[in-house]
Amino acid sequence: MPTVRETASQMTMELHQAARLLRRTFDRYAKEHGLSTSRWQVLYQLTREQGLKQSELAERMDVAPISLARQLDNLEQEGLVERRRDQGDRRCFRIYLHEAAEPVLDTLRNVANLTRSDALAGLSKTEVEQLSGLLARVRANLAKEESSE
């Protein structure tokens, strides 16, 4: 019978691998619709909170601001996002979704649903709720550690 330490070690590896496969599956489905990882991540972050400064958005995405600038240039040219001058600091811009992004966001929602369906196949509603609750606790534990740095 495995020890608690061995079980915890296995669990962390499973969690890491599951997260990696979840991202890869989502990326594969998104790519079928012409959505690269960087494109969908920008759009997703803006659905959660619009009006972020470019530096804030880059931090949330864990990318270099210069890489994000190129992606925003492309999304802006496509009419999916817009930069607006910050009223309090004329040197920076805040990023907003344009209404033309709605069909792309619908596609992302469909891709997310398909990915979740694949990932959770064979799990009961109770098991999904239990997994969600446990992962929320793990995330809260890690967030607490990160905020104390």
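Just above sits the structure.
The shown structure was predicted, so the numbers you read here are calculated from the model rather than taken from an experiment.

Focus: the nonpolar core
And step 1. The biggest cluster of nonpolar side chains holds 25 residues, and the ones touching the most others in it are Val-42, Leu-43, Leu-57 and Val-81.
And step 2. At the level of secondary structure, the elements contributing two or more residues to this core comprise α1 (4–31), α2 (37–48), α3 (54–61), α4 (65–77), β3 (93–97) and α5 (102–119).
And step 3. Broken down by element, the residue count for this core peaks at five residues, all from α5.

Let's talk about the sheet that holds β3
And step 1. Taken in spatial order, the three strands line up as β1-β3-β2 in an open sheet, and their pairing is antiparallel. Across the chains shown, the open sheet's two edge strands, defined by having one partner strand only, are β1 (52–53) and β2 (81–85).
And step 2. Summarising the sheet, β2 and β3 pair through five bridges and their orientation is antiparallel. The residue of β3 that forms the bridge with Arg-84 is Arg-94.

Quick look at a nonpolar patch on the surface
And step 1. On the surface, Met-11, Leu-15, Leu-123, Leu-131 and Leu-135 cluster together into a nonpolar patch covering about 380 Å² of accessible area.
And step 2. Listed by contribution, the elements that provide at least two residues to the nonpolar patch are α1 and α6 (125–147).
And step 3. Take Leu-123: it is sitting in the loop between α5 and α6.
And step 4. Residue class for Leu-123 comes out partly exposed when judged on its relative accessible area of 36%.

The rules we used
Residues numbered from 1 in each chain as written. Predicted model: local features only at pLDDT ≥ 70, side-chain atom pairs only at ≥ 80, totals over all residues. Heavy atoms only, no water. Core = buried A, V, L, I, M, F, W, Y, C linked by side-chain atoms within 4.5 Å. Buried < 20%, exposed > 50% of the residue type's maximum accessible area, 1.4 Å probe, protein only. Helix = DSSP H or I, 4+ residues; strand = E, 2+ residues; numbered from the N terminus. Pairing = 2+ DSSP bridges. Patch = residues over 30% accessible without salt bridge, like charges linked within 9 Å, V, L, I, M, F, W, Y side chains within 5 Å. Areas by Shrake-Rupley, 256 points an atom, 1.4 Å probe, with all protein chains shown as cover. Salt bridge = Lys/Arg side-chain N within 4 Å of Asp/Glu carboxyl O.

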